[in-house]
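# Coordinates in review
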Amino acid sequence: MASSKQVRIEDLRVDPRRARTQTILRRFFFMSAALAVLITLGIIWALLVDSWGFISQVNLDQLFNGIWEPRSNRYDIPTLLIGTTIISLIGMLLAVPLGLGAAVFLAEYASPRVRGILKPILEILAAIPSVVLGFFALTVLSPNLISPVCDFAQGLPPPIFNMAAAGVAVGILITPLVASISEDAIYAVPSSLREASAGLGATRRTTVLRVVFPAAVSGIVAALIIGLSRAIGETMIVSIAAGGTGGAAFNLNPCLPGQTMTAAMVGLAVGSDQSRAGEVNLPYESLFFVGLLLFVMTLTLNLISENFVRRMRARGSI
C-alpha cells in the first residue's frame, strides 16, 4: 500500500498575494453594488419628493378632465395611461408573432450556417436608433400604411401624426429584442428532449409546439415582458410620431393623435410646455409624478416577470 503524503497546516493556507487580490475584488464588487443601490434610492427619493409636491397642490378635477395640457393646468392622467397602453399593445401585436416566429426558425429550423448569418443581423437591428424609426413612422408608415387602413376603417383619412403609426414603429423596434431573447431561451432547451420526442415518432412541428416551446416558456414570457417594458418606456418614436406634443385629448381611437407618459415627460423636460424649476410650478413637478407612475409600472412588470420565471423553474419547466 502506497504511503500518502501527510498534509500540513501550512499547505492549507492561502497565498498572501491571492488573499489580498480576493479582498480587493470583494470590496470593489461590494462598492459597485452599494453604489448602484444608492443611485436607485436617490432616483426614487427625487421622484417621491417632487411627486408629493405636485399631488399636494393639484386639485382632483385637474387629474381627470379629459385633456393633458400642462400649460392650462390640466393633467389628465388617464389620457397618458390610455395613450401608453394603446401604443404598447399595437407594438406587441406586431412584435409577438414576428419575434417568436423568428426565434423558432433560428433555433429549430435554420441550419448552423444560416443561424450564424441571421442571428447577428437580428441583433444589429436592435441597435437602430429610435429617432430613426420615429421619422420612418412619420414619413413612410403613416402616409403609406396607416392612412389607407384608417381611411378604410373609419371613412376619414387620419392625421399624419397618430398613435397607430407610432405603435407599429414601436413594434418594429422591439421585435429584435423579443426574437433574440426568445431564441436564446428556445436554443437552451436540452437536445435530449428533442431526441426523445423524435424517438416517440413526433414530427418536428409537434416537437417544437408540444415539447420545446413549453420547456422554454419561462424565458419566452420573460422576453415578452421585457419587450412590453421597452415599449412602455420608448420615448423618441412616440414624441415624433404620436402627435401629442404640447397636449392631447383623451381618446381610444389609434388613428388619432395621442399622448404617452414618456412623450409627456419629454415635452415638459425640453420646455415645450413652459416648465421650469426654482418656484412653485405644477407643470415642472408633474414631470416627476409621471416619472414615478412610469417607474411603478415598469417595476411591476419586472416583478411579475421575475416571479413567473421563478415559479416555472421551480416546476422544472426549464
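In the block above lies the structure referred to throughout.
For clarity, every value in this text was computed on a predicted model and none was experimentally measured.

Cut-offs applied
Residues numbered from 1 in each chain as written. Predicted model: local features only at pLDDT ≥ 70, side-chain atom pairs only at ≥ 80, totals over all residues. Heavy atoms only, no water. Salt bridge = Lys/Arg side-chain N within 4 Å of Asp/Glu carboxyl O. Helix = DSSP H or I, 4+ residues; strand = E, 2+ residues; numbered from the N terminus. Buried < 20%, exposed > 50% of the residue type's maximum accessible area, 1.4 Å probe, protein only. Pairing = 2+ DSSP bridges. Contact = heavy atoms within 4.5 Å. Axes fitted to C-alpha atoms, helices over the stretch in contact; angles between N-to-C directions. Phe/Tyr/Trp six-rings, centres within 6.5 Å; stacked < 30°, edge-to-face > 60°. Core = buried A, V, L, I, M, F, W, Y, C linked by side-chain atoms within 4.5 Å. Disulfide = S-S within 2.5 Å.

Applying the stated criterion across every chain, the model contains seven salt bridges. A salt bridge links Arg115 to Glu183, with the nearest nitrogen and oxygen atoms 2.5 Å apart. Of this pair, Arg115 sits in helix α4 (residues 112-125) while Glu183 sits in helix α6 (residues 163-187), and the two are 68 residues apart along the sequence. Classification of Arg115 as buried rests on a relative accessible area of 19%. Residue classification places Glu183 among the buried residues on the basis of a relative accessible area of 0%. Taking the shortest distance from any N to any O, the salt bridge between Glu183 and Lys119 comes out at 2.8 Å. On the criterion of sequence distance, the pair formed by Glu183 in helix α6 and Lys119 in helix α4 is long-range, its members being 64 residues apart. Comparing Glu183 with Lys119, the two get one shared label, buried. Three or more residues joined by partner-sharing salt bridges are found here, namely Arg115, Lys119, Glu123, Glu183 and Asp184.

One open sheet holds the three strands; their spatial order is β2-β1-β3, and the pairing between them is antiparallel. Looking along the sheet, the strands with just one partner apiece sit at the ends: β2 (74-75) and β3 (248-249). Sheet topology note: the strand β1 (residues 67-69)/β3 ladder contains two bridges and is antiparallel. Each bridged residue has a counterpart across the sheet, and for Ile67 the counterpart in β3 is Ala249. Across the sheet, helix α3 (residues 77-109) touches β1, β2 and β3, and the angle it forms with β1 is around 100°.

Okay, the packing of aromatic side chains next. Applying the stated rule across the entire model yields five aromatic pairs. Ring centres 5.3 Å apart and planes at 85° place the aromatic pair Phe54 and Tyr75 in the edge-to-face group. Residue Phe54 is located in helix α1 (residues 16-55), and its partner Tyr75 is located in strand β2; the two are separated by 21 residues in the primary sequence. Judged by its relative accessible area of 0%, Tyr75 falls in the buried class. Note on Trp68 and Tyr75: the rings are 5.9 Å apart at their centroids and 75° apart in plane angle, and the pair reads as edge-to-face. Residue classification places Trp68 among the buried residues on the basis of a relative accessible area of 0%. Among the aromatic residues, ring-to-ring pairing joins Phe54, Trp68, Tyr75 and Phe289 into one connected group.

Among the structural elements, Thr175 can be located in helix α6. A relative accessible area of 13% places Thr175 in the buried class. Excluding its chain neighbours within four sequence positions, the residues that come into contact with Thr175 are Leu94, Ala95, Leu98 and Gly99.

Turning to the nonpolar core, a few remarks are in order. Judged by nonpolar contacts, the single largest core of 25 residues is most densely connected at Ile87, Ala137, Ile146, Ala166, Val170, Ile237 and Val238. When residues of this core are assigned to their parent elements, the largest contribution, nine residues, is made by α6. When near neighbours in sequence (up to four residues on either side) are disregarded, Ala137 contacts Ser142, Pro143, Ala165, Ala169 and Ala241.

On to the state of the cysteines, then. Under the counting rule described, the total for this entry stands at one disulfide. Paired through a disulfide, Cys150 and Cys255 show a sulfur-sulfur distance of 2.0 Å. What sets the handedness of the Cys150 and Cys255 disulfide is the S-S torsion sign, and at about -85° it is left-handed. You can see Cys150 sitting in helix α5 (residues 130-154) and its partner Cys255 sitting in the loop between β3 and α11 (261-269), a full 105 residues away along the chain. For the pair formed by Cys150 and Cys255, the shared burial category is buried.

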